[in-house]
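This is what each chain is made of:
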Amino acid sequence: MKRGLGTQLRHLIELLDGALSAAYDSEGLDYRPRYSPIMRLLNEHDGLGIGRLAESAGISQPAATQTIALMIKDDLVSSVAGPNDRRQRVIHLTERGRALMPRLQVCWQATAKAAATLDAELPMPLTVLLDDALHALERESFGKRIEAAHAAATKSAALSSKD
C-alpha cells in the first residue's frame, strides 16, 4: 500500500527529528530540535518579541509561544514585559542559553553537512523541493486544492450516475 502524503511527511519528520535528538543526547545536551530556529535568532538579535520570532523563524505565533514556554522551562530563554507595551513579551537568551551556543553551533554545522550529503543523493535538494512546495501552497492552499478535487469528484460521480 502506498503511504499518503501526511504519513510520508510525519515519517520524514520523525526520521530527521529523531536523529537530531539522538545527536544532541550523544553530546550531553538536554535540547529539543524545535528550539533551534528561536535559539539562532536570539543569538543574532537578543531581545525579540514573540511575533517577530515567529515570523522570522517561519512558524505560527501559537507554535512560537508553545516552543518559548518549553524553552523557559528548560532555562534557555526568559520573557520580560516590553518597554513600550507591558502586555507584549520580549524574549532573551538566559545565561544557560548563551553558554550552550558554542556547543549548539558545532551540532548545527554537523547537521548542515549531513543535510548536504542527503541532498547530494536526491534528484533535487530536499530544501529546494520543500521551498517549492511551500510556495505552491502559498499560491493555492492545500484546503483549496482538496475543495477543487472534491468538487470535481462529486461532479464526475453525478455524471456517471446519470449514465
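Before any of the text, the structure's been laid out above.
About the thresholds
- Residues numbered from 1 in each chain as written.
- Predicted model: local features only at pLDDT ≥ 70, side-chain atom pairs only at ≥ 80, totals over all residues.
- Heavy atoms only, no water.
- Pairing = 2+ DSSP bridges.
- Helix = DSSP H or I, 4+ residues; strand = E, 2+ residues; numbered from the N terminus.
- Axes fitted to C-alpha atoms, helices over the stretch in contact; angles between N-to-C directions.
- Parallel < 35°, antiparallel > 145°, perpendicular 65-115°, else oblique.
- Left-handed = near helix turned anticlockwise from the far one by under 90°.
- Contact = heavy atoms within 4.5 Å.
- 1 Å grid on protein atoms, 1.4 Å probe; cavity = no way out; pocket = protein on both sides within 12 Å on 5 of 7 lines; lining within 4 Å.
- Points joined across faces, edges and corners; volume = space filled by probe spheres on them.
- Core = buried A, V, L, I, M, F, W, Y, C linked by side-chain atoms within 4.5 Å.
- Buried < 20%, exposed > 50% of the residue type's maximum accessible area, 1.4 Å probe, protein only.

**A look at the sheet that holds strand β1 (residues 48-49)**
What the three strands build is an open sheet, ordered β1-β3-β2; its pairing is antiparallel. Either end of the sheet is taken by a strand with one partner, and the two such strands are β1 and β2 (77-81). With two bridges connecting them, β1 and strand β3 (residues 89-93) associate as antiparallel partners. Paired with Leu 48 across the strands is Ile 91, a residue of β3.

**Comments concerning the packing of helix α3 (residues 50-57) against helix α4 (residues 61-73)**
Two quantities define a packed helix pair, namely the angle between the axes and the distance from one axis to the other. Direction vectors running N to C along α3 and α4 enclose 110°, while the axes themselves pass 9 Å from each other. Compared by their axis directions, α3 and α4 come out roughly perpendicular. Here α3 runs over α4; the crossing is right-handed. Of the residues in α4, those in contact with Ile 50, Gly 51, Leu 53 and Ala 54 of α3 are Gln 61, Ala 64, Thr 65 and Ile 68.

**A look at the layout of surface pockets**
Sizing a probe to match a water molecule and rolling it over the atoms shows the empty space that remains. Estimates place the volume of the largest pocket at around 2,000 Å³. What lines the largest pocket is a set of 45 residues, and nearest its centre among them are Leu 12, Ile 13, Leu 16, Leu 126 and Leu 130. At the level of elements, α1 (5-26), α2 (36-44), α4, α5 (95-121) and α6 (126-139) are the ones that each hand at least two residues to the lining of the largest pocket. The element that contributes the greatest number of residues to the lining of the largest pocket is α1, accounting for 13 residues.

**A closer look at the nonpolar core**
Core analysis: the biggest nonpolar cluster contains 25 residues, and Tyr 31, Met 39, Leu 42, Leu 53, Leu 76, Val 77 and Leu 104 have the highest contact counts within it. The biggest single contributor to this core is α5, with five residues. When near neighbours in sequence (up to four residues on either side) are disregarded, Val 77 contacts Leu 42, Ile 68, Met 71, Ile 72, Ile 91, His 92, Leu 93 and Thr 94.

**Some remarks on the pairing of β3**
Sheet topology note: the β2/β3 ladder contains five bridges and is antiparallel. By the bridge assignment for β3, Ser 79 is matched with Ile 91.

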